Structure formats: structure tokens, C-alpha cells
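Coordinate inspection notes
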Amino acid sequence: MFFTLLKYEFKKLFKKKSVWITVIISALCIPVSLLLNLTFYGVTIDTVRGSLSGRYLAVLKADIEQDRELSGRPIDDDFLTVLQEAEKVSEIGKSYDKNSPEYIKYIRAYDEANSYVFVMNGYGDTDGMTAETLYRTRAEYMEDEWDYYLLDEGAKQYLKALDDKNVKPFTYRYCSAYRVINQGISMGGILLVFAAAICIPGIFIEDKRTRTDRIVYSSKHGKTLVYGAKTTAAALFLMADFLLVAVMSVIISAPFYGFEGFDAPVQMIDPMLAMNFTCGETVLILAGMGIAEAVILSVICMIISELTSSGKPVIVTMFLMLSAGSMVTVEPTHKILIRLWDILPSQIAFDDSAFSVNLFRCFGKYFFAYQAAPVIYLAVSAVLVWVGYTHYKRYQTK
Amino acid sequence: MELKIDRVTKNYGSKIACDRLSITLGKGVYGLLGANGAGKTTLMRMMCGILNPTSGTVSYDGIDVSREEYRDILGYLPQDFGYYPEFTAQDFMMYIAALKGIPKSKAKAKTAELLETVSLKNEAKKKIKTFSGGMKQRLGIAQALLNDPKILVLDEPTAGLDPKERVRFRNIISRMGADRIILLSTHIVSDIEHIADTILVMKNGQLIHEGSLDEIIEVIKGKVWECTVPQKIADEFTVKYPIINTRNAGDEIFLRLVCDEKPCETAVNAEATLEDLYLYYFSEEEKGE
Ligand SMILES: Nc1ncnc2c1ncn2[C@@H]1O[C@H](COP(=O)(O)OP(=O)(O)OP(=O)(O)O)[C@@H](O)[C@H]1O
Ligand SMILES: [Mg+2]
């Protein structure tokens, strides 16, 4: 009977236009942003030569090919020399047409690799850089970050031990697909907040608003199973909405970027991370964060709409969460607050938060936000679902 | 089989909507009669577990109204409630059946049967938003019957029904009354006159009368008069007595009124009806205030 009731909750949900609009936006967001990205993909606009999309796509393809050729080379002195040679050409050829074959061959070819090394070098000057200075700079940069965030010795050691397990020198790997998918997932995390604000309150207040409540609540399952069906529908809807965004970003990026790099170390996405997992695992972990976010958001929206019988406080809360997460930076001295910021639902599907160095300490062990968040979310959800239930079954018709 | 309402009170602020009301209902059809604001809906909501009494209890054979077991045997037609406009009548019935925990195959059969009963068979696949008021009302009656309830509470079930459907409805209820408790409220006397075994009269949150039609009418037997009088006397009577009916009869006025004694020489005794009683009670209130 639970599943029948669940089915009807979805049926009621999908009778609403706003829900369909949300779903359509979720589905189209990634394809559209990728298309925009491709349209403006780092080239000067030249309408005289050839069709626009064809040309942009050609440039992108060429770039990807060049990047793939570098894949598998260790990031050592030889590698850096190649990059620096290319850099020199770029300086001589300041007036190059950016679509000219020379430019593409000597400079654009190493764009990706160059910017990667730039980041790995702590965003510092790469003149006269050797493999030795590069890895040292990276280590120092990471330690500076740990100091900046006032990590305790144990945390630092934990992170250091993790990074020591990463094989150096790194091997350059082509893994653009996973960068793009990661961005798609983070975007999905943001879209979830909107979807939650727009779609979830209806599940809990619509029956009261339309006065179907009296029939529902006076029925056998009206005060028990229906609550379960509603909370489950809310969580499943958001999960599905998130997965839609995630799957769309996979489907859309695959034809352009391919899937190589699943087993490349995560450092190919962000060289400053200490973890030992692969790009593929990173994507899966972030997707897991999205799912966890879907659950906690559905519960938060449930409890607010249940307690206030209104959708407005939900929208306000979601808006505040989004703004707080994206605009407010917490000082490292606020040790608890800064960690709360990392596990803010709207933020957790970003690698900055999920893999933040602000570790959680529990029973003498250290955990990343991506490990702590699901547990915390689950506990909070359990409490809120229970509170919601006690409130729900006491409901009185007005 | 006993539905026990025990000293149930409901206050809205200082307003007492239901005042220490006690009654025990056994099998049969009960007609709850009362003016607007008498507290019928309030009482019925409390009987259906969607409104907590300020004090007092409602229980069925010891099962409290707040329990799932109670709701399992309850059918309720609220006075004022919403439908899912985008649902078809069929969807709506199937959903309510699910809420009542009726397995799908059984729900399907029951839905078809009940839609037929309330003559909505041909509209089963139409969206509820295309329904007229009376059609919605019939759908509401049908949903209340889905689980073959032992306790059936119908709040103004005949509101909006045309005469043909009213008759159909009465027949449904009379057929069902034998082995369950049916309580229906109305202020339309003729709706319950013929089907209610027991009539309950509610006023200001209290039950002021309880009994069979004959018992209740006993109160005003011999007190209903009909006479034809000039306008001037008619005006006088209107102030003095509860008037049940007035009609122009040439230059004079025909009056039907309630009065303990013969109001004038030409007055003749008429047979008392429930409506006379209702008007007697509720106009007394107006005069009293
Ligand atoms: N939610 C509420 N808040 C305040 N007062 C209320 C509320 N609901 C009902 N009342 C009051 O309680 C009294 C009884 O109302 P109720 O709806 O039970 O009357 P009723 O007999 O069903 O009338 P009707 O024939 O118009 O349906 C009325 O005076 C009404 O104003
Ligand atoms: Mg009422």
C-alpha cells in the first residue's frame, strides 16, 4: 500500500506545471551551458572562415587530441622543458591568429598542461621551474594551506601521510571528461536547492491548501503511511532531479571528451589534493554527495513546510543557504562554523567543500567533509523526520 | 456496535461550538438537524479524528477516534472539501481507496460499483475540474462508501443534489442503514424525514432533542395551525408566533404557524411535520434574542 500511496504522491506532484518546468530546466541546464562553453571556446570570432560551430568544434577537437598526446608522460624536467619551449613560441608570436596552425601546434597544444602546471606550482611564476622546485612548491603550498586553516598536528600528519602515498612524479593524464562532469555535478547541487524550494513544499501543504486534507487525514493511512509516502516522494524526487543533471552532464560530455582518465589520480583534476582516489571515484563521490544533499534538502523543506504550512519560509531558507554558501567566507578561526560551511547542503557537491582540508575529528580519527556529511545528514534527517511525524499526525483541520 | 460520544466540548476562543455533548449511537440512521452554526460540522469533525475536542472523548467499542483501527471503519463526507482537479473521478476513487488501504483489484471493482451507484459511471474518465457541484458531491459520497464503513459520517450529503439524485441518495442510505451507524447532518428537513430512524436536533452546540420522528413531532402535535387572516392580524401573528408558511390568498394572508392554543376563531389544526418542529425551535431562538 505504501508504494501505491507513493505513486499517488508523484502523480499529484507531476500534475503541477512548476514541477515540470523545474525538471526541464534541470535536464537542459548542462547541455545549454556546455553549448555556450563550446560556442565561446577560447577562439577569436571570425565569421568569414567557415561555419561557426564547425570551426569551434574543430578547435576543441584539435586541443583534445594534443592533450591526449601528452597523456601518460611523467611530469618531470623533460615535460616541463617542452612546456617552456611552447611558452617561448607564444611570447614571440604575440600577434598570431589564434586559429593558425602554428598557434594551435605550439601554444594551444600545451594550454591545458601549462595551466595545470601553473596551478600545481601554487599559481606562482613558472620561469626557471624544474621538476624538483615544482613538487617542492606544491608541498609548501599545501602546508601553507593547512597552516592557514589552523589544522592541528594530527590533521596535518594525516593529510601528509595521504599525499605521501601519491606516486611522484605525477603522470600527466588526459581526463577532461571528469573535470566537466564534476562541474556538472556541482551545478546539479545548486539546481537541487531551487528544485527543493519550488517543488517540495507543495507535497506537504497542497492538501491543506486545497482542503483535500480532511479526506486524507480521516482515512486509515492518512496519518501514518501518507507521511512516509510524502517524505519518500520528496527525497526521491530530488534524488532523481539531481541524477538527471548528473546523467545529462555525462551524456553531453562523452561525445566531446570521451571517458579516458577514469583511473587517473584525482590530482589531475586538482593538483593540490592529498587524497588517493581516481578521477572516476571523485565523480562517484561527488554524485554521492548530490544524493545526500537531495535527502537532507527534502527533509529540511519538509519540516519547514510542515511546521509553517507555507511555501514562503522554505524559499527564504533555501535562498539564504545559497547566498551564505556562495558569498560568505568564514574565517579559519571559526573552526566549527567553517566546517559547517563545508557541509552546507548547497555546497557539498563541490569538490572545494567535499575534499576541503578542514577535516572532521571524531574518536581520534580524521574525516573529510565528504565522509562526515552523509553521516551528519542522516542523523539530522532522522531527527527532523521524527519531529515532522509527531507534528503531522497531530494535524487539525482549520 | 456502539459509537460513544462522551462529554465532548469544543471551544474556539470564547465561542463554544460544541458544549459537553454526550450521546451513544447504535446501528441505524441518525439525522442531525440544526441551523447554520449549530455545531454540526464541528461535532462531525471530532467524530472523524480531524479535530481534537477541547475535552471529552469519542470512541467506537472502546477504540479511540485517534486510532488507525477507528479510521479503518470510518467513511466521511466532509461538508467543505477539495478534490484533485486534475484527477479523473476514477483516479480520485482509486487514490482514496489506497488511503483506506483497499487492495487494488478490490478497489477497482468497488470504484466501478460506487460510481454506478451515484450515477457517475459515464464520467469516470473525466477530470474532476469539469464536474458540476452536484457531480462532485456525488463523488464525495461515493468515496465515503469505498471501505464499506461501519461508521458513516455525512456532513450535508444532499447539498447541491437535484431532486432525482436526492431520492437516489435516500435509497442508498436506507439500504445501508441496517448494519452500520450512519450519521447525516442537514438543515433540509425533508432529506432525513423519511430515512432517519433517529433524529437529533442540535442547537448552540448542544443536543436538544433525540428521538424517532413520531416522538419528536409529539412536541408540537396539535400546536400547528392554519388560518387565513387580514394583513393587519397577520403582521401581529408574525411577531407573536413562529410562522412556518405564509402565502397571499386574495386580499387576505394564509398563515401556517405554531401556537399552544388556537390563535383565532378561523384557525384549524394541521398535521405536524418535522419542518414545523425545526422552524418552531429555530425561530424561537430568533425571538428569544
Ligand atoms: N475554525 C473555527 N474558528 C472559529 N470558530 C469556528 C471555527 N469553526 C467553526 N466555528 C464556529 O463554531 C460554530 C459551529 O460551526 P459549525 O461549522 O460546526 O456549524 P454547522 O452546524 O456545521 O453550520 P452549517 O449548517 O452552516 O454547516 C459556529 O458558530 C462557527 O462560527
Ligand atoms: Mg456544517
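Look up a bit, the structure's there.
To keep things clear, this report deals only with the structure shown in the data block. (Residues numbered from 1 in each chain as written. Chains lettered and ligands numbered in written order. Predicted model: local features only at pLDDT ≥ 70, side-chain atom pairs only at ≥ 80, totals over all residues. Heavy atoms only, no water.)

1. Re unusual backbone geometry
Residue Pro169 of chain A is bonded to the preceding Lys168 of chain A through a cis peptide linkage, with omega at -5°. Within the secondary structure, Pro169 of chain A sits in the loop between helix H8 (153-164) and helix H9 (176-209). Of note in this structure, Leu150 of chain A is not a glycine but carries a positive phi near 55°. With respect to the helices and strands, Leu150 of chain A occurs in the loop between helix H7 (131-148) and H8. The class of Leu150 of chain A is partly exposed, set by a relative accessible area of 39%. Positive phi, close to 50°, is recorded for Asn204 of chain B, a residue that is not glycine. By the secondary structure assignment, Asn204 of chain B is in the loop between strand E9 (198-203) and strand E10 (206-211). Owing to a relative accessible area of 45%, Asn204 of chain B belongs among the partly exposed residues under this scheme. (Helix = DSSP H or I, 4+ residues; strand = E, 2+ residues; numbered from the N terminus. Buried < 20%, exposed > 50% of the residue type's maximum accessible area, 1.4 Å probe, protein only.)

2. Looking at the coordination of the magnesium ion (ligand 2)
All names here are of chain B. Within the protein, Thr41 (OG1) and Gln79 (OE1) serve as the donor atoms for the magnesium ion (ligand 2), at 1.8 to 2.1 Å. Taken together, the positions of Thr41 in helix H1 (residues 40-47) and Gln79 in the loop between strand E6 (74-77) and helix H3 (89-99) put the pair 38 residues apart, joining distant regions of the chain. Looking at Thr41, the relative accessible area reads 18%, which means it is buried. Gln79 gets classed as partly exposed once you look at its relative accessible area, which sits at 36%. (Donors = N, O, S within 2.8 Å, 3.2 Å for Na, K, Ca; no water.)

3. Focus: the packing of helix H12 (residues 279-308) of chain A against helix H13 (residues 312-327) of chain A
Residues and elements named next belong to chain A. In the contact formed by H12 and H13, the axes pass within 9 Å of each other and the chain directions differ by 145°. Considering the relative orientation of H12 and H13, their crossing is right-handed. Contacts from Leu297, Ile300, Cys301, Ile304, Ser305 and Thr308 of H12 reach H13 at Pro313, Val314, Thr317, Met318 and Met321. Broken down by class, the residue content of the contact of H12 with H13 amounts to 8 nonpolar, 3 polar and no charged. (Axes fitted to C-alpha atoms, helices over the stretch in contact; angles between N-to-C directions. Left-handed = near helix turned anticlockwise from the far one by under 90°. Contact = heavy atoms within 4.5 Å. Nonpolar A, V, L, I, M, F, W, Y, C, P; charged D, E, K, R; others polar.)

4. Quick look at the interface of chain A and chain B
If you look at the interface, chain A gives 29 residues, while chain B gives 32 residues. Carbon and sulfur atoms supply 57% of the area buried between chain A and chain B, which totals about 2800 Å² over both sides. When the buried surface of chain A facing chain B is broken down by residue, Tyr8, Ile215 and Lys220 of chain A rank first, second and third, together holding 25% of it. Run the count over chain A and chain B and you get 3 salt bridges. One salt bridge connects Asp72 of chain B with Lys220 of chain A, and the closest N-O pair in it is separated by 4.0 Å. Summed over the shared surface of chain A and chain B, the number is 17 residue pairs in polar contact (both at pLDDT 80 or more). Listing elements by their share of the side of chain A that touches chain B, those giving two or more residues are helix H1 (2-13) and helix H10 (213-217) of chain A. Here the side of chain A that touches chain B gets 7 residues from one element, more than from any other, and that element is H1 of chain A. Residue composition of the side of chain A that touches chain B, by class: 8 nonpolar, 10 polar and 11 charged. (Buried area = accessible area lost by both parts, 1.4 Å probe. Salt bridge = Lys/Arg side-chain N within 4 Å of Asp/Glu carboxyl O. Polar contact = N/O pair within 3.5 Å; in protein donor to acceptor, adjacent residues only side chain to side chain.)

Bear in mind that shape data such as this cannot, by itself, settle questions of function.
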